[in-house]
Amino acid sequence: MLDWLKNINKEYPEFYKNYLAKFGKKSNRYVILSIETSGLNPKEDVILTISAFAVVDDSILIGDSFENILLQYKYFHDNKLSNEFIIESKMEKLSEPVAIQNLIEYLGNAVIVGHHVDFDVEMINAALEKLECGRLKNEALDIDIMYRKLQDITDKEFSLDELSEAFKMPIRDRNSSAEDAYRISLLFLKLKSRLGLK
């Protein structure tokens, strides 16, 4: 039987069904997303931290933020790795299924914004697949693509530091996913204004 036929009547977890029900209307909320991962392969690597801020009406809503550390013991154990920041951090550590469910509930039908956001979306989709859910349905915007459109550049990608330099924003030596999410939020607001986006 074809895969798409099997999925038509698939029984998804309740949190994912609630998420799908939110797409009946368009959102005026953007969620600026930054994740740290163990590597660049969505099939083999895992998400270590997830951070996000909401933007509504050109304002970053600090009170409407999301930060989860996922303690991926299995990944670290299997690969004989350790991560002192994650293990020693005082933040509550969540299992991947709980963190992904929390993220999906937080996202709702917002537009996701990130830096090279396609990778973040693929990592989240890989985690959703493990929970027998469908993929993210949110529209996504990438600040690198927005900047290249503004500058009419087609042959180069820009790092987050390069984008920060272009807008004369300070750069720190060590960034967390929360700091990156905040920096992406500021860059997004500047780009959104210059591109005339609503």
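Structure's up top.
Notes on the structure follow. (Residues numbered from 1 in each chain as written. Predicted model: local features only at pLDDT ≥ 70, side-chain atom pairs only at ≥ 80, totals over all residues. Heavy atoms only, no water.)

Describing the pairing of strand β1 (residues 29–37)
Consideration 1: β1 sits mainly inside the fold: 7 of its 9 residues count as buried.
Consideration 2: Direction of pairing for β1 relative to strand β2 (residues 47–56): antiparallel, over a ladder of 9 bridges. Across the sheet, the residue bridging to I32 is F53, located in β2.
Consideration 3: Bridge count between β1 and strand β5 (residues 111–114): 3 bridges; the pairing is parallel. Across the sheet, the residue bridging to Y30 is V111, located in β5. (Buried < 20%, exposed > 50% of the residue type's maximum accessible area, 1.4 Å probe, protein only. Helix = DSSP H or I, 4+ residues; strand = E, 2+ residues; numbered from the N terminus. Pairing = 2+ DSSP bridges.)

Let's talk about unusual backbone geometry
Consideration 1: Phi is positive for D58, which is not a glycine, with a value near 65°.
Consideration 2: Locating D58 in the fold gives a position in the loop between β2 and β3 (59–70).

A short note on the side chain of N138
Consideration 1: Along the chain, the position of N138 falls in the loop between α6 (117–130) and β6 (140–142).
Consideration 2: The exposure class of N138 is buried, given its relative accessible area of 11%.
Consideration 3: A polar atom in the side chain of N138 sits 2.4 Å from the side chain of Y19.
Consideration 4: A polar contact is formed between the side chain of N138 and the backbone oxygen of A110, at a distance of 2.7 Å.
Consideration 5: Ignoring anything within four residues of it in the chain, the contact list for N138 reads Y19, F23, L107, G108, N109, A110 and I112. (Polar contact = N/O pair within 3.5 Å; in protein donor to acceptor, adjacent residues only side chain to side chain. Contact = heavy atoms within 4.5 Å.)

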